[in-house]
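Observations on chain architecture
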Amino acid sequence: MPYFDTASAAPLHPVARQALQASLDEGWADPARLYREGRRARLLLDAAREAAAESVGCRPDELVFTPSGTHAVHSGVAGVLAGRRRTGGHLVVSAVEHSSVLHAAEVHAAGGGTVEEVPVDRFGRVSASSYRERVGPSTALACLQSANHEVGTVQPVAEVAEVCAAAGVPLLVDAAQSLGWGPVPGSWSVLCASAHKWGGPAGVGLLAVRKGVRYSPQGPADERESGRSPGFVNLPAAVAAAASLRAVRAEAQAEAARLRTLVDRLRRRVARLVPDVEVVGHPDLRLPHLVTFSCLYVDGETLLHGLDRAGYSVSSGSSCTSSTLTPSHVLRAMGVLSEGNVRVSLPAGTTAAEVNGFLEVLPGLVAGVREQLGAVEPAVSVPDAESLEVDALGLRCPQPVIELARVIGRVPVGGTVTVLSDDEVARLDIPAWCAMRGQTYVGESPRPTGTAYTIRRAV
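Note that the structure is a prediction, hence the values are computed from the model and not measured.

Counting secondary structure elements, the chain contains 12 helices and 14 strands. Expressed as a percentage of the 459 residues in the chain, the buried residues total 55%. Residue pairs at least 24 apart in sequence account for 73% of intrachain contacts in the chain once pairs closer than 6 positions are excluded. Roughly 18,900 Å² of accessible area belongs to the chain as shown, and the carbon and sulfur atoms make up 53% of that amount. Within the chain, one finds 43 positive and 47 negative side-chain charges whose respective centroids are separated by 5 Å.

Have a look at this one:
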(Lines give C-alpha, C1' and ligand atoms only; values in the text may rest on other atoms or scores of the structure.)
Protein backbone atom coordinates (compact mmCIF):
# COMPACT_ATOMS: atom_id res chain seq x y z
CA MET A 1 0.00 0.00 0.00
CA PRO A 2 1.67 3.27 -1.11
CA TYR A 3 2.27 5.72 1.73
CA PHE A 4 2.04 9.25 0.33
CA ASP A 5 2.22 11.39 3.47
CA THR A 6 5.89 11.96 4.26
CA ALA A 7 5.18 15.64 4.93
CA SER A 8 3.57 14.37 8.15
CA ALA A 9 6.14 11.69 8.95
CA ALA A 10 8.62 9.82 6.82
CA PRO A 11 9.18 6.07 7.24
CA LEU A 12 12.21 5.25 9.37
CA HIS A 13 15.32 5.32 7.19
CA PRO A 14 17.37 2.07 7.20
CA VAL A 15 20.40 4.00 8.46
CA ALA A 16 18.32 5.40 11.33
CA ARG A 17 17.22 1.89 12.26
CA GLN A 18 20.80 0.59 12.26
CA ALA A 19 22.13 3.54 14.25
CA LEU A 20 19.28 3.29 16.75
CA GLN A 21 19.85 -0.39 17.38
CA ALA A 22 23.61 0.04 17.74
CA SER A 23 23.40 3.02 20.08
CA LEU A 24 20.87 1.26 22.32
CA ASP A 25 23.73 -1.02 23.33
CA GLU A 26 26.42 1.67 23.56
CA GLY A 27 24.58 4.87 24.49
CA TRP A 28 22.44 4.02 27.49
CA ALA A 29 24.63 5.66 30.15
CA ASP A 30 24.66 9.30 31.33
CA PRO A 31 27.00 11.23 29.00
CA ALA A 32 27.73 13.69 31.82
CA ARG A 33 29.48 11.01 33.89
CA LEU A 34 33.22 10.40 33.82
CA TYR A 35 33.30 6.61 34.04
CA ARG A 36 33.81 4.56 30.89
CA GLU A 37 30.11 4.00 30.09
CA GLY A 38 29.48 7.70 30.44
CA ARG A 39 32.52 8.59 28.33
CA ARG A 40 31.34 6.17 25.65
CA ALA A 41 27.89 7.79 25.65
CA ARG A 42 29.49 11.23 25.52
CA LEU A 43 31.49 10.29 22.44
CA LEU A 44 28.30 9.16 20.72
CA LEU A 45 26.47 12.37 21.66
CA ASP A 46 29.33 14.59 20.50
CA ALA A 47 29.58 12.71 17.21
CA ALA A 48 25.83 13.02 16.64
CA ARG A 49 25.95 16.74 17.40
CA GLU A 50 28.84 17.29 15.00
CA ALA A 51 27.10 15.36 12.23
CA ALA A 52 23.83 17.21 12.71
CA ALA A 53 25.59 20.59 12.89
CA GLU A 54 27.44 19.85 9.65
CA SER A 55 24.14 19.09 7.92
CA VAL A 56 22.50 22.20 9.35
CA GLY A 57 25.46 24.45 8.57
CA CYS A 58 26.29 25.65 12.08
CA ARG A 59 28.86 25.04 14.80
CA PRO A 60 28.36 22.00 17.03
CA ASP A 61 28.17 24.20 20.12
CA GLU A 62 25.31 26.13 18.51
CA LEU A 63 23.08 23.07 18.19
CA VAL A 64 21.10 21.16 20.80
CA PHE A 65 18.77 18.17 20.61
CA THR A 66 15.19 18.66 21.83
CA PRO A 67 12.30 16.24 22.50
CA SER A 68 10.53 17.28 19.26
CA GLY A 69 10.47 19.82 16.47
CA THR A 70 7.58 21.60 18.15
CA HIS A 71 9.59 21.82 21.37
CA ALA A 72 12.48 23.31 19.38
CA VAL A 73 10.18 25.95 17.88
CA HIS A 74 8.58 26.87 21.19
CA SER A 75 11.96 27.06 22.94
CA GLY A 76 13.51 29.02 20.09
CA VAL A 77 10.76 31.61 19.91
CA ALA A 78 10.45 32.04 23.67
CA GLY A 79 14.22 32.15 24.21
CA VAL A 80 14.89 34.88 21.65
CA LEU A 81 11.87 36.96 22.70
CA ALA A 82 13.04 36.81 26.31
CA GLY A 83 16.64 37.56 25.42
CA ARG A 84 15.61 40.61 23.40
CA ARG A 85 12.80 41.88 25.62
CA ARG A 86 14.57 45.22 26.08
CA THR A 87 14.42 45.73 22.31
CA GLY A 88 10.63 45.40 22.28
CA GLY A 89 7.79 42.93 22.12
CA HIS A 90 7.10 42.96 18.39
CA LEU A 91 7.05 39.53 16.68
CA VAL A 92 6.72 39.11 12.91
CA VAL A 93 5.56 35.81 11.40
CA SER A 94 4.33 34.73 8.00
CA ALA A 95 0.64 33.88 7.66
CA VAL A 96 1.47 30.31 6.60
CA GLU A 97 3.82 29.27 9.39
CA HIS A 98 3.43 25.87 11.00
CA SER A 99 0.94 25.80 13.86
CA SER A 100 3.80 25.43 16.36
CA VAL A 101 5.07 28.90 15.42
CA LEU A 102 1.58 30.40 15.45
CA HIS A 103 0.82 28.86 18.85
CA ALA A 104 4.03 30.34 20.22
CA ALA A 105 2.96 33.69 18.79
CA GLU A 106 -0.42 33.39 20.52
CA VAL A 107 1.31 32.86 23.87
CA HIS A 108 3.47 35.91 23.21
CA ALA A 109 0.41 38.02 22.39
CA ALA A 110 -1.42 36.79 25.48
CA GLY A 111 1.55 37.95 27.56
CA GLY A 112 1.30 41.49 26.22
CA GLY A 113 3.46 41.27 23.11
CA THR A 114 2.40 42.22 19.60
CA VAL A 115 2.29 39.85 16.64
CA GLU A 116 2.18 40.94 13.00
CA GLU A 117 1.49 38.51 10.16
CA VAL A 118 3.10 38.82 6.75
CA PRO A 119 0.65 37.99 3.95
CA VAL A 120 1.42 35.58 1.13
CA ASP A 121 0.51 35.52 -2.54
CA ARG A 122 -1.78 32.94 -4.12
CA PHE A 123 1.17 30.53 -4.33
CA GLY A 124 1.76 30.77 -0.57
CA ARG A 125 5.00 32.74 -0.90
CA VAL A 126 6.07 35.83 1.02
CA SER A 127 8.17 38.69 -0.33
CA ALA A 128 11.27 40.15 1.26
CA SER A 129 9.76 43.62 0.84
CA SER A 130 6.81 42.61 3.03
CA TYR A 131 9.23 41.76 5.83
CA ARG A 132 11.12 45.00 5.23
CA GLU A 133 7.89 46.92 5.79
CA ARG A 134 7.22 45.20 9.12
CA VAL A 135 10.52 44.75 10.95
CA GLY A 136 11.71 47.78 12.90
CA PRO A 137 13.44 49.05 16.03
CA SER A 138 10.95 47.35 18.37
CA THR A 139 10.97 43.98 16.55
CA ALA A 140 12.42 41.27 18.77
CA LEU A 141 12.14 38.37 16.32
CA ALA A 142 10.99 37.46 12.82
CA CYS A 143 9.96 33.93 11.80
CA LEU A 144 9.82 32.33 8.35
CA GLN A 145 9.55 28.68 7.36
CA SER A 146 11.98 27.42 4.73
CA ALA A 147 9.21 25.59 2.84
CA ASN A 148 5.52 25.19 3.47
CA HIS A 149 4.30 21.96 5.01
CA GLU A 150 0.96 21.91 3.16
CA VAL A 151 1.63 23.15 -0.36
CA GLY A 152 5.42 22.79 -0.67
CA THR A 153 6.18 26.39 -1.65
CA VAL A 154 9.80 27.33 -0.90
CA GLN A 155 10.25 30.68 0.81
CA PRO A 156 12.92 33.33 0.03
CA VAL A 157 14.77 32.76 3.31
CA ALA A 158 18.10 34.21 2.17
CA GLU A 159 16.49 37.46 0.99
CA VAL A 160 14.41 37.82 4.14
CA ALA A 161 17.47 37.07 6.29
CA GLU A 162 19.27 39.96 4.60
CA VAL A 163 16.36 42.27 5.36
CA CYS A 164 16.27 41.18 8.99
CA ALA A 165 20.05 41.48 9.39
CA ALA A 166 19.96 45.03 8.02
CA ALA A 167 17.32 45.87 10.64
CA GLY A 168 19.23 44.11 13.43
CA VAL A 169 16.46 41.53 13.87
CA PRO A 170 17.18 37.79 14.27
CA LEU A 171 15.36 35.43 11.91
CA LEU A 172 14.06 32.08 13.14
CA VAL A 173 13.60 29.49 10.40
CA ASP A 174 11.39 26.42 10.75
CA ALA A 175 13.24 24.03 8.44
CA ALA A 176 11.29 20.89 9.29
CA GLN A 177 10.09 20.24 5.74
CA SER A 178 13.23 21.14 3.82
CA LEU A 179 16.25 20.15 5.90
CA GLY A 180 16.37 16.63 4.51
CA TRP A 181 16.72 18.08 1.00
CA GLY A 182 19.56 20.48 1.75
CA PRO A 183 20.89 23.21 4.04
CA VAL A 184 18.87 26.39 4.53
CA PRO A 185 20.51 29.29 2.68
CA GLY A 186 21.17 32.73 4.08
CA SER A 187 22.29 34.25 7.34
CA TRP A 188 19.49 32.94 9.55
CA SER A 189 19.84 33.31 13.32
CA VAL A 190 17.85 30.40 14.75
CA LEU A 191 16.84 27.14 13.05
CA CYS A 192 14.43 24.41 14.13
CA ALA A 193 13.80 20.99 12.64
CA SER A 194 12.22 17.63 13.37
CA ALA A 195 13.85 14.26 12.73
CA HIS A 196 10.73 12.30 11.78
CA LYS A 197 10.31 14.53 8.72
CA TRP A 198 13.46 13.08 7.07
CA GLY A 199 13.22 9.49 8.25
CA GLY A 200 14.74 9.82 11.69
CA PRO A 201 12.95 8.59 14.81
CA ALA A 202 10.05 10.56 16.23
CA GLY A 203 10.71 12.52 19.39
CA VAL A 204 13.91 14.29 18.28
CA GLY A 205 14.14 17.94 17.32
CA LEU A 206 17.04 20.23 16.45
CA LEU A 207 17.48 23.76 17.75
CA ALA A 208 20.40 25.81 16.43
CA VAL A 209 21.08 29.28 17.83
CA ARG A 210 23.90 31.25 16.19
CA LYS A 211 26.59 32.79 18.34
CA GLY A 212 25.79 36.43 19.01
CA VAL A 213 22.01 35.97 19.15
CA ARG A 214 20.66 37.16 22.49
CA TYR A 215 18.92 34.11 23.92
CA SER A 216 17.48 33.48 27.37
CA PRO A 217 16.27 29.90 28.04
CA GLN A 218 12.85 29.84 29.68
CA GLY A 219 11.74 27.59 32.50
CA PRO A 220 13.82 26.13 35.34
CA ALA A 221 17.58 26.09 34.80
CA ASP A 222 19.13 22.85 33.57
CA GLU A 223 22.77 22.05 32.91
CA ARG A 224 22.15 19.79 29.92
CA GLU A 225 22.12 20.86 26.25
CA SER A 226 23.46 24.33 27.05
CA GLY A 227 20.42 24.90 29.22
CA ARG A 228 18.21 25.16 26.14
CA SER A 229 16.56 21.74 26.34
CA PRO A 230 16.20 20.39 29.88
CA GLY A 231 16.32 16.73 30.73
CA PHE A 232 18.23 13.63 29.73
CA VAL A 233 18.84 13.48 25.97
CA ASN A 234 17.36 10.47 24.19
CA LEU A 235 20.83 9.56 23.00
CA PRO A 236 20.00 6.56 20.76
CA ALA A 237 17.31 8.60 19.00
CA ALA A 238 19.63 11.60 18.62
CA VAL A 239 22.32 9.39 17.10
CA ALA A 240 19.79 7.87 14.70
CA ALA A 241 18.46 11.32 13.77
CA ALA A 242 21.91 12.65 12.91
CA ALA A 243 22.92 9.51 11.01
CA SER A 244 19.73 9.47 8.95
CA LEU A 245 19.99 13.18 8.15
CA ARG A 246 23.47 12.62 6.76
CA ALA A 247 22.23 9.59 4.81
CA VAL A 248 19.24 11.30 3.20
CA ARG A 249 21.42 14.28 2.31
CA ALA A 250 23.76 11.98 0.43
CA GLU A 251 20.79 10.71 -1.60
CA ALA A 252 18.92 14.02 -1.83
CA GLN A 253 20.07 15.36 -5.20
CA ALA A 254 19.33 12.21 -7.17
CA GLU A 255 16.12 11.45 -5.29
CA ALA A 256 14.86 15.04 -5.64
CA ALA A 257 15.31 14.92 -9.42
CA ARG A 258 13.47 11.60 -9.63
CA LEU A 259 10.58 12.60 -7.39
CA ARG A 260 10.21 16.01 -9.03
CA THR A 261 9.52 14.21 -12.32
CA LEU A 262 6.79 12.15 -10.65
CA VAL A 263 5.27 15.21 -8.97
CA ASP A 264 5.31 17.08 -12.29
CA ARG A 265 3.33 14.17 -13.72
CA LEU A 266 0.83 14.42 -10.84
CA ARG A 267 0.41 18.16 -11.29
CA ARG A 268 -0.24 17.84 -15.02
CA ARG A 269 -2.44 14.75 -15.05
CA VAL A 270 -4.60 15.56 -12.02
CA ALA A 271 -5.57 18.83 -13.68
CA ARG A 272 -6.30 16.98 -16.94
CA LEU A 273 -8.05 13.88 -15.58
CA VAL A 274 -10.23 15.43 -12.88
CA PRO A 275 -12.62 18.26 -13.83
CA ASP A 276 -12.75 21.36 -11.63
CA VAL A 277 -9.47 20.90 -9.79
CA GLU A 278 -7.16 23.63 -8.54
CA VAL A 279 -3.51 22.63 -8.10
CA VAL A 280 -2.15 24.91 -5.38
CA GLY A 281 1.35 25.99 -4.38
CA HIS A 282 4.14 27.43 -6.52
CA PRO A 283 4.60 25.53 -9.80
CA ASP A 284 8.41 25.85 -9.73
CA LEU A 285 9.66 27.11 -6.36
CA ARG A 286 8.55 24.08 -4.36
CA LEU A 287 9.72 20.97 -2.58
CA PRO A 288 10.44 18.14 -5.03
CA HIS A 289 8.19 15.53 -3.45
CA LEU A 290 4.97 17.37 -2.59
CA VAL A 291 1.84 18.42 -4.49
CA THR A 292 -1.50 19.69 -3.21
CA PHE A 293 -4.75 20.08 -5.11
CA SER A 294 -8.37 20.88 -4.28
CA CYS A 295 -11.42 19.33 -5.92
CA LEU A 296 -14.54 21.42 -6.33
CA TYR A 297 -17.82 19.94 -4.96
CA VAL A 298 -16.00 17.28 -2.94
CA ASP A 299 -16.17 16.32 0.71
CA GLY A 300 -12.51 15.99 1.64
CA GLU A 301 -13.04 13.43 4.39
CA THR A 302 -15.02 11.12 2.12
CA LEU A 303 -12.38 11.42 -0.59
CA LEU A 304 -9.55 10.59 1.83
CA HIS A 305 -11.43 7.56 3.12
CA GLY A 306 -11.95 6.42 -0.46
CA LEU A 307 -8.26 6.78 -1.26
CA ASP A 308 -7.40 4.90 1.92
CA ARG A 309 -9.66 2.01 0.92
CA ALA A 310 -7.95 2.02 -2.48
CA GLY A 311 -4.59 1.70 -0.71
CA TYR A 312 -3.27 5.28 -0.79
CA SER A 313 -2.40 7.19 2.37
CA VAL A 314 -2.64 10.94 1.81
CA SER A 315 -3.39 14.02 3.87
CA SER A 316 -5.63 17.09 3.57
CA GLY A 317 -5.99 20.70 4.63
CA SER A 318 -9.70 20.72 3.83
CA SER A 319 -12.22 21.91 6.40
CA CYS A 320 -14.23 18.84 5.50
CA THR A 321 -11.69 16.69 7.36
CA SER A 322 -11.51 18.93 10.40
CA SER A 323 -13.59 18.74 13.56
CA THR A 324 -13.47 22.55 13.71
CA LEU A 325 -15.12 22.90 10.29
CA THR A 326 -12.60 25.60 9.36
CA PRO A 327 -10.17 25.35 6.47
CA SER A 328 -6.42 25.14 6.87
CA HIS A 329 -4.91 28.50 7.83
CA VAL A 330 -2.45 28.01 4.97
CA LEU A 331 -5.14 27.63 2.30
CA ARG A 332 -7.10 30.47 3.86
CA ALA A 333 -4.08 32.79 3.75
CA MET A 334 -3.49 31.87 0.10
CA GLY A 335 -7.12 32.47 -0.82
CA VAL A 336 -7.42 29.21 -2.75
CA LEU A 337 -10.10 26.54 -2.90
CA SER A 338 -10.04 24.34 0.20
CA GLU A 339 -12.82 21.80 -0.33
CA GLY A 340 -11.74 18.36 -1.45
CA ASN A 341 -8.12 19.20 -0.65
CA VAL A 342 -5.52 16.44 -1.05
CA ARG A 343 -1.83 16.64 -0.15
CA VAL A 344 0.43 14.03 -1.73
CA SER A 345 4.00 13.85 -0.41
CA LEU A 346 6.05 11.03 -1.89
CA PRO A 347 8.62 9.06 0.12
CA ALA A 348 12.01 8.12 -1.24
CA GLY A 349 11.76 5.11 -3.50
CA THR A 350 8.25 5.88 -4.81
CA THR A 351 7.83 4.29 -8.23
CA ALA A 352 6.17 5.53 -11.38
CA ALA A 353 3.79 2.57 -11.18
CA GLU A 354 2.58 3.69 -7.74
CA VAL A 355 1.96 7.22 -8.98
CA ASN A 356 0.18 5.92 -12.09
CA GLY A 357 -2.00 3.72 -9.88
CA PHE A 358 -3.01 6.74 -7.83
CA LEU A 359 -3.91 8.64 -11.00
CA GLU A 360 -6.03 5.72 -12.17
CA VAL A 361 -8.22 5.55 -9.07
CA LEU A 362 -8.50 9.29 -8.29
CA PRO A 363 -10.90 10.41 -11.07
CA GLY A 364 -13.43 7.69 -10.29
CA LEU A 365 -13.33 8.40 -6.56
CA VAL A 366 -13.84 12.15 -7.10
CA ALA A 367 -16.72 11.48 -9.48
CA GLY A 368 -18.28 9.10 -6.96
CA VAL A 369 -18.12 11.67 -4.14
CA ARG A 370 -19.66 14.32 -6.36
CA GLU A 371 -22.44 11.96 -7.35
CA GLN A 372 -23.16 11.18 -3.69
CA LEU A 373 -23.46 14.89 -2.95
CA GLY A 374 -25.63 15.58 -6.00
CA ALA A 375 -23.04 18.00 -7.35
CA VAL A 376 -24.29 18.20 -10.92
CA GLU A 377 -24.58 21.64 -12.49
CA PRO A 378 -27.63 22.12 -14.78
CA ALA A 379 -26.75 21.50 -18.41
CA VAL A 380 -29.17 24.19 -19.60
CA SER A 381 -30.06 27.23 -17.55
CA VAL A 382 -32.97 29.56 -18.26
CA PRO A 383 -32.96 32.80 -16.24
CA ASP A 384 -36.18 33.27 -14.27
CA ALA A 385 -35.24 35.97 -11.73
CA GLU A 386 -33.05 39.06 -11.48
CA SER A 387 -31.76 38.00 -8.09
CA LEU A 388 -32.00 34.98 -5.86
CA GLU A 389 -31.18 34.15 -2.27
CA VAL A 390 -30.13 30.63 -1.28
CA ASP A 391 -30.55 29.48 2.30
CA ALA A 392 -27.56 27.23 3.03
CA LEU A 393 -27.67 27.58 6.80
CA GLY A 394 -26.66 24.37 8.50
CA LEU A 395 -25.07 22.97 5.35
CA ARG A 396 -21.39 22.16 5.54
CA CYS A 397 -18.58 22.15 3.00
CA PRO A 398 -18.98 21.62 0.09
CA GLN A 399 -22.80 21.98 0.06
CA PRO A 400 -23.01 25.83 0.10
CA VAL A 401 -20.96 25.99 -3.10
CA ILE A 402 -22.98 23.17 -4.65
CA GLU A 403 -26.20 25.10 -3.93
CA LEU A 404 -24.69 28.19 -5.55
CA ALA A 405 -23.73 26.25 -8.68
CA ARG A 406 -27.26 24.86 -9.00
CA VAL A 407 -28.94 28.27 -9.14
CA ILE A 408 -26.45 30.65 -10.79
CA GLY A 409 -27.99 29.88 -14.19
CA ARG A 410 -31.42 31.01 -12.98
CA VAL A 411 -30.36 34.66 -12.97
CA PRO A 412 -29.39 36.56 -16.13
CA VAL A 413 -25.90 37.91 -16.79
CA GLY A 414 -25.61 40.87 -14.44
CA GLY A 415 -28.05 39.32 -11.95
CA THR A 416 -27.02 38.30 -8.44
CA VAL A 417 -27.21 35.26 -6.22
CA THR A 418 -26.83 35.62 -2.45
CA VAL A 419 -25.84 32.56 -0.44
CA LEU A 420 -26.69 32.63 3.26
CA SER A 421 -24.30 30.35 5.13
CA ASP A 422 -23.00 29.76 8.64
CA ASP A 423 -20.11 27.57 7.46
CA GLU A 424 -16.80 29.38 7.90
CA VAL A 425 -15.29 27.72 4.84
CA ALA A 426 -17.83 29.47 2.58
CA ARG A 427 -15.84 32.67 3.11
CA LEU A 428 -12.97 31.03 1.25
CA ASP A 429 -14.59 28.63 -1.19
CA ILE A 430 -17.31 30.87 -2.64
CA PRO A 431 -14.78 33.47 -3.92
CA ALA A 432 -12.59 30.59 -5.15
CA TRP A 433 -15.57 29.12 -7.03
CA CYS A 434 -16.20 32.50 -8.65
CA ALA A 435 -12.59 32.67 -9.85
CA MET A 436 -12.81 29.14 -11.29
CA ARG A 437 -16.16 29.80 -12.97
CA GLY A 438 -15.50 33.32 -14.25
CA GLN A 439 -18.20 34.85 -12.06
CA THR A 440 -17.90 38.04 -10.01
CA TYR A 441 -17.68 37.88 -6.25
CA VAL A 442 -19.36 41.02 -4.90
CA GLY A 443 -18.67 40.55 -1.19
CA GLU A 444 -20.19 39.51 2.12
CA SER A 445 -22.39 41.08 4.73
CA PRO A 446 -23.41 39.93 8.21
CA ARG A 447 -26.90 38.63 8.90
CA PRO A 448 -28.56 37.89 12.26
CA THR A 449 -27.81 34.26 11.49
CA GLY A 450 -24.76 33.51 9.38
CA THR A 451 -23.24 35.58 6.59
CA ALA A 452 -24.61 36.59 3.19
CA TYR A 453 -22.24 36.09 0.25
CA THR A 454 -23.25 37.87 -2.96
CA ILE A 455 -22.20 36.75 -6.43
CA ARG A 456 -22.90 38.55 -9.71
CA ARG A 457 -23.31 36.39 -12.79
CA ALA A 458 -20.73 37.46 -15.39
CA VAL A 459 -20.95 34.63 -17.93
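So, next bit.
Our next topic: the packing of helix H1 (residues 14-26) against helix H7 (residues 235-273). At a minimum axis distance of 8 Å, the contact between H1 and H7 shows a crossing angle of 150°. Judged on the interaxial angle alone, H7 and H1 are roughly antiparallel. For the element pair H1 and H7, the recorded crossing hand is right-handed. Residues Val-15, Ala-16, Ala-19, Leu-20, Ser-23 and Leu-24 of H1 form the contact with H7, whose own contacting residues are Pro-236, Ala-237, Val-239, Ala-240, Ala-243, Ser-244 and Ala-247. Along the lines of polarity and charge, the residues of the contact of H1 with H7 split into 11 nonpolar, two polar and no charged.

Moving on to the sheet that holds strand S9 (residues 290-295). The three strands lie next to each other as S8-S9-S10, forming an open sheet whose pairing is antiparallel. Two strands close off the open sheet at either side, each with one partner strand: strand S8 (277-280) and strand S10 (341-345). This sheet shows a mean twist of 20° between the axes of neighbouring strands, independent of strand direction.

This brings us to the nonpolar core. Of all hydrophobic cores here, the largest spans 59 residues; its most connected members are Val-56, Phe-65, Tyr-131, Leu-171, Trp-198 and Leu-206. Counting residues per element, this core draws most heavily on H7, at nine residues. If we skip the residues at most four places from it in the chain, Trp-198 touches Ala-10, Leu-179, Gly-180, Ala-193, Leu-206, Ala-241, Ser-244, Leu-245 and Val-248. With 50 residues, the next largest nonpolar core counts Val-344, Phe-358, Leu-362 and Cys-434 among its residues.

Turning our eyes to something else, we now look at the packing of aromatic side chains. The description of an aromatic ring pair uses the distance of the two centres, along with the angle that the planes make with each other. In the structure shown here, the tally under the stated rule is three aromatic pairs. Counting every residue linked through ring pairs, the aromatic cluster contains Phe-4, Tyr-312 and Phe-358. Cation over ring: Arg-210 sits above Trp-188, and NZ or CZ is 3.8 Å from the ring centre. Here the basic side chain of Arg-228 rests over the ring of Tyr-215, its NZ or CZ set 5.0 Å away from the ring centre.

The next thing to look at is the pattern of salt bridges. Opposite charge on two side chains lets them pair, provided their charged atoms get close. Across all of its chains, the model carries 23 salt bridges by this definition. Between Arg-33 and Asp-30 there is a salt bridge, with the nearest N and O atoms lying 3.2 Å from each other. You can call Arg-33 partly exposed: its relative accessible area is 43%. A relative accessible area of 10% means that Asp-30 is categorised as buried. Residues Arg-427 and Glu-444 are paired through a salt bridge, measuring 2.9 Å at the closest nitrogen-oxygen approach. Linking Arg-427 in helix H12 (residues 426-437) with Glu-444 in strand S13 (residues 440-446), this pair joins segments that are 17 residues apart in sequence. Beyond isolated ion pairs, a larger network of salt bridges with shared partners links Asp-30, Arg-33 and Arg-224.

With that settled, consider the packing of helix H3 (residues 69-83) against helix H4 (residues 99-110). Between H3 and H4, whose axes approach to 9 Å, the crossing angle comes to 35°. The way H3 lies across H4 gives a crossing that is right-handed. Only Ser-100, Val-101, His-103, Ala-104 and His-108 of H4 make contact with H3, whose side of the interface consists of Thr-70, Val-73, His-74, Val-77 and Leu-81. Here the residues of the contact of H3 with H4 sort into five nonpolar, five polar and no charged.

Going through the model one piece at a time under the given rule, you end up with zero disulfides. Not part of a disulfide, Cys-192 finds its nearest cysteine sulfur in Cys-143, a span of 8.3 Å. Counting only cysteine sulfurs, Cys-397 is the nearest neighbor of Cys-434, a cysteine outside any disulfide, at a range of 15 Å.

Next up on the list: the pairing of strand S2 (residues 90-94). With five of its five residues buried, S2 lies for the most part within the structure. Residue alternation in S2 divides its side chains into two sets, His-90, Val-92 and Ser-94 and Leu-91 and Val-93, and both sets are buried. Bridge count for S2 against strand S3 (residues 114-118) is five bridges, and the pairing is parallel. Note on S3: the bridge partner recorded for His-90 is Thr-114.

Criteria and thresholds
Residues numbered from 1 in each chain as written. Predicted model: local features only at pLDDT ≥ 70, side-chain atom pairs only at ≥ 80, totals over all residues. Heavy atoms only, no water. Helix = DSSP H or I, 4+ residues; strand = E, 2+ residues; numbered from the N terminus. Buried < 20%, exposed > 50% of the residue type's maximum accessible area, 1.4 Å probe, protein only. Contact = heavy atoms within 4.5 Å. Areas by Shrake-Rupley, 256 points an atom, 1.4 Å probe, with all protein chains shown as cover. Lys, Arg positive; Asp, Glu negative; His and termini not counted. Charge placed at Lys NZ, Arg CZ, Asp CG, Glu CD. Axes fitted to C-alpha atoms, helices over the stretch in contact; angles between N-to-C directions. Parallel < 35°, antiparallel > 145°, perpendicular 65-115°, else oblique. Left-handed = near helix turned anticlockwise from the far one by under 90°. Nonpolar A, V, L, I, M, F, W, Y, C, P; charged D, E, K, R; others polar. Pairing = 2+ DSSP bridges. Core = buried A, V, L, I, M, F, W, Y, C linked by side-chain atoms within 4.5 Å. Phe/Tyr/Trp six-rings, centres within 6.5 Å; stacked < 30°, edge-to-face > 60°. Lys NZ or Arg CZ within 6 Å of the ring centre and 35° of its normal. Salt bridge = Lys/Arg side-chain N within 4 Å of Asp/Glu carboxyl O. Disulfide = S-S within 2.5 Å.

Honestly, that's just the spatial picture; any functional story needs more than this.
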